[in-house]
Amino acid sequence: MAVSASRPVHPWPVRLCHWLNVFAMVCMVMSGWGIYNASPLFGFTFPPAATLGGWLGGAIAWHLAVMWLLVANALVYLVWGAARGHFRRRFFPLSPRAVWQDTRQALALRLPHRLGQYNAVQKAMYLGVLLLGALLVLSGLAIWKPVQFSGLVALLGGFGWARYVHFYAMSGIVLFVGVHVLMVLLVPKTLPAMMTGGKEPSDE
């Protein structure tokens, strides 16, 4: 006989990794912008107030220090998510047709949202940002240790291209964060669950 039970919308490991990731990504992006300003790839630089470290050496120190927190946090999330079936439940199944249908509904402001369930657009965005994160790490390693990771540098097209890959991967993640924050503002009921866990019905 099925009985109603309650489980967290977001288990505590997800919440812990999420908020650690917020801190780490803010520090990584701001320090990364400081490093970028020392040798811009394009015809612009970021405002000093949006950077971290004060100068190139300080920005690099922040970037490398927080990098370890970000990597450790990501590994915990990936291992826990794989072991507990989190990715399978939250991100799959997923198909291009479902993404297209949900995108059309979202643009028409008719896409419903239920706590604890991701629509196809959300699934695609979360999977995409995980892939961007992996690309960010690989290109970052190529820039940080180009001699030790010479094969990786070559795979990315050389040191110069690795910098472009790193910049565009960072930009993709910043864009994701912007859309994510916008969605929270449009559907504010999703925020408390990421802080307290929230409850969703389930059958056992």
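Residues numbered from 1 in each chain as written. Predicted model: local features only at pLDDT ≥ 70, side-chain atom pairs only at ≥ 80, totals over all residues. Heavy atoms only, no water.

### What to know about the layout of surface pockets
Considering only enclosed or pocket space, the second largest pocket measures out at about 780 Å³ in volume. The wall of the second largest pocket is formed by 30 residues, among which Ile-35, His-63, Gly-140, Ile-143 and His-166 lie closest to the centre. Mapped onto the lining of the second largest pocket, the elements with two or more residues apiece are α1 (12-38), α2 (56-83), α5 (120-144) and α7 (159-186). For the lining of the second largest pocket, a count of residues per class yields 24 nonpolar, 5 polar and 1 charged. (1 Å grid on protein atoms, 1.4 Å probe; cavity = no way out; pocket = protein on both sides within 12 Å on 5 of 7 lines; lining within 4 Å. Points joined across faces, edges and corners; volume = space filled by probe spheres on them. Helix = DSSP H or I, 4+ residues; strand = E, 2+ residues; numbered from the N terminus. Nonpolar A, V, L, I, M, F, W, Y, C, P; charged D, E, K, R; others polar.)

### Topic: the UniProt feature "transmembrane region" (unreviewed entry) in the chain
UniProt's entry tags residues 16-36, 56-80, 124-144 and 164-187 with the feature "transmembrane region" (unreviewed entry), counted in the numbering of this structure. Spanning residues 56-80, this segment combines 100% helix with 0% strand, and its end C-alpha atoms are found 36 Å apart. With 96% helix and 0% strand, the stretch residues 164-187 has end C-alpha atoms that lie 34 Å from each other. (UniProt positions renumbered as here; feature names shortened; annotations may be inferred.)

### So, the nonpolar core
Judged by nonpolar contacts, the single largest core of 26 residues is most densely connected at Phe-91, Phe-167 and Met-170. If you list the elements that add at least two residues to this core, you get α1, α2, α3 (86-91), α5 and α7. Residue contributions to this core peak at 8 residues, all from α1. Shared between two domains, this core takes at least three residues from each, and those domains are domain 1 (10-92) and domain 2 (98-108 + 117-189). The residues contacting Phe-91, other than those within four sequence positions of it, are Tyr-77, Tyr-118, Lys-123, Tyr-126, Leu-127 and Leu-130. Counting 5 residues, the second largest nonpolar core, distinct from the first, contains Ala-142, Leu-152, Val-153 and Leu-156. (Core = buried A, V, L, I, M, F, W, Y, C linked by side-chain atoms within 4.5 Å. Buried < 20%, exposed > 50% of the residue type's maximum accessible area, 1.4 Å probe, protein only. Domains from an automatic or database assignment. Contact = heavy atoms within 4.5 Å.)

### Brief notes about the environment of Ser-171
Within the fold, Ser-171 resides in helix α7. Separated by 142 residues in the primary sequence, Ser-171 and Val-29 have C-alpha atoms spaced 9.3 Å apart.

### Brief notes about α2
If you check α2, its first and last C-alpha atoms are 40 Å apart, about what 28 residues at 1.5 Å a residue would give, namely 40 Å. Tucked into the core, α2 has its buried residues touching α1, α3, α5 and α7. Phi for Gly-85, located one or two positions after α2, is positive at around 75°. (Expected span 1.5 Å × (residues − 1).)

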